[in-house]
Amino acid sequence: MGTPAELISPRSPRVAAAKRLARRNFRTKERRFIAEGPQAVREAVRHRVGGEPTLVELFTTVEAAERYAAIVAAARDAGARIHLAGDDVLAELSQTITPQGLVGVCRFLDLPFDEILAARPRLVAVLAHVRDPGNAGTVLRCADAAGADAVVLTDASVDLYNPKSVRASVGSHFHLPVAVGVPVERAVAGLQAAGVRILAADGAGDDDLDAELDAGTMGGPSAWVFGNEAWGLPEETRALADAVVRVPIHGRAESLNLATAAAVCLYASARAQRASGGCRSVTSS
């Protein structure tokens, strides 16, 4: 297997440096973040930032190195520094109750917003005022699953590299372009200039998602703007959108949580964009 025979000490400077990445100020200073678990590490191994491998270091227990030998070998081949570590080290580096034995240190992977615009995206998720890292990661995962071309986090949203966000995305951080720290006004204006229709998701929206689908208006490039988990989108942000759209509630539930609403909206756009002539109801004439 070729893994180092000697366990790295919990007092090693490498362990201390990786542990500091749990704090945002150190992540920002070092432009590094932590990815936990086999799925995230596997995707990090495959990813590149500016032609350079995204995964810089990998901490693994003996058991995990044997169980995930292919991942560890791929990480080594990609140039990552491999550290064989005890359970105590993984417990210090991990943010989960039951660590899975693999913790990677990765380079930041966000792109300039202008690069995303230059790629002429057709489906974008814009996270405006999203403050819960778990929700941010889950929406990123939904966008990835729906085939979105990019995700944009505004300057009022949570840190993309928060460990909870990285875990919630289950590897999707490494699958699609992401821009961070973009003022919502700039995000909307830039996307509109690129020919993208802006749809603000809001439970009190004037437009109904079903009606939009039936009318066949969602087949073109679109960006969904999602707001804060508790209080949604402020009026000034809704005013920037081309349409404010609500997901219809057909049952007795008061509302949908952010990630569920994001999945419904993104998949609706994805379906419409893949359908010839838009996505019309089978009952419409």
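Structure: see above.
Throughout, a residue's number is its position along its own chain's written sequence, starting from 1. Note on the predicted model: pLDDT of at least 70 is required for a residue's local features to be given, and 80 or more for side-chain atom pairs to be given and counted; whole-chain, interface and lining totals, by contrast, use all residues. Excluded from the side-chain calculations are hydrogens and water; all other atoms, namely the structure's heavy atoms, are used.

Okay, the side chain of T237 next. Locating T237 in the fold gives a position in helix α12 (residues 235-238). Remark: exposure states derive from per-residue accessible area (1.4 Å probe, protein chains only) relative to the maximum for the residue type, with buried under 20%, exposed over 50%, and partly exposed in between. Since its relative accessible area comes to 5%, T237 is described here as buried. Residues within four places of T237 in sequence aside, it is in contact with H129, V184 and V225. Numbering of helices and strands runs from the N terminus, with a helix taken as a DSSP run of H or I at least four residues long and a strand as a DSSP run of E at least two residues long. We call two residues contacting when some pair of their heavy atoms lies within 4.5 Å.

Glancing now at helix α13 (residues 258-274). What a helix should span is 1.5 Å times the count of its residues minus one. Here α13 spans 24 Å end to end across 17 residues, near enough to the 24 Å set by a 1.5 Å rise per residue. Among the residues of α13, those classed as buried are L258, A259, A261, A262, C265, L266, A268, S269, A270, A272 and Q273.

Residue position: Y161 is located in the loop between β8 (150-154) and α9 (163-169). Between the alpha carbons of Y161 and R31 there is a distance of 9.7 Å; along the sequence they are 130 residues apart. The residues contacting Y161, other than those within four sequence positions of it, are R27, F33, F108, L109, D110 and V166.

For the rest of this paragraph, the subject is the sheet that holds strand β6 (residues 102-107). The 4 strands are arranged β1-β6-β4-β5 in an open sheet whose pairing can be described as mixed. Unpaired on one side and paired on the other, β1 (32-36) and β5 (81-84) mark the two borders of the sheet. Within the sheet, the average angular offset between the axes of one strand and its neighbour, ignoring direction, is 20°. For two strands to count as paired, DSSP must find a minimum of two bridges between them. Bridging between strand β4 (residues 55-60) and β6 involves 5 bridges; their strand directions are antiparallel. From the neighbouring strand, L58 faces β6, where its bridge partner is G104. Only the contacting stretch of a helix is used when fitting its axis, a line to C-alpha atoms as for every element, and angles between N-to-C directions run 0 to 180 degrees. The strands touched by helix α5 (residues 69-77) within the sheet are β4, β5 and β6, with β4 carrying the most contacts at an inclination of about 145°.

Another aspect to go through is the nonpolar core. Formed by 57 residues in total, the largest nonpolar core has its most connected members in L55, V151, W224, F226 and L266. With 7 residues, α13 is the largest single contributor of residues to this core. Beyond its immediate chain neighbours, meaning those up to four positions away, W224 contacts L123, V124, A125, V126, L199, A201, L209, M218, V245, C265, L266 and S269. Among buried residues, the Ala, Val, Leu, Ile, Met, Phe, Trp, Tyr and Cys ones that are joined through side-chain atoms within 4.5 Å form a nonpolar core. With 23 residues, the next largest nonpolar core counts V126, V152, V184 and V188 among its residues.

Okay, the pairing of strand β9 (residues 178-182) next. Strand direction decides the pairing type here: β8 and β9, joined by 3 bridges, are parallel. Paired with T154 across the two strands is V182, which belongs to β9. Crossovers are described as right-handed under a simple rule: with the strands pointing away from the observer, the path leading from the first strand over the helix to the second runs clockwise. One crossover worth recording links β8 to the parallel β9 by way of α9, and it is right-handed.

The phi angle at R31 is positive, at roughly 50°, despite the residue not being glycine. When you line up the elements, R31 lands in the loop between α2 (24-30) and β1. Phi at R120 takes a positive value of approximately 55°, unusual for a residue other than glycine. Here R120 lies in the loop between α7 (113-118) and β7 (123-127). By relative accessible area, R120 is classed as exposed at 53%.

Here we take up the packing of aromatic side chains. Aromatic pairing here means that ring centres of Phe, Tyr or Trp (its six-membered ring) are within 6.5 Å. Orientation follows from the plane angle: under 30 degrees is stacked, over 60 is edge-to-face, and everything else is tilted. According to the stated counting rule, one finds 5 aromatic pairs in the structure shown. Centroid distance F33 to F174: 6.1 Å. Interplanar angle 20°. Geometry classified as stacked. Of this pair, F33 sits in strand β1 while F174 is found in the loop between α9 and β9, placing the two residues 141 residues apart along the sequence. As far as burial versus exposure is concerned, F33 and F174 are alike and both buried. Aromatic side chains F108 and Y161 sit 3.9 Å apart centroid to centroid with 15° between the ring planes, which places their arrangement in the stacked category. In this pair, F108 is assigned in the loop between β6 and α7 and Y161 in the loop between β8 and α9, connecting sequence segments 53 residues apart. One aromatic cluster in this structure is built from F33, F108, Y161 and F174.

Purely geometric stuff here, so don't read any function into it on its own.
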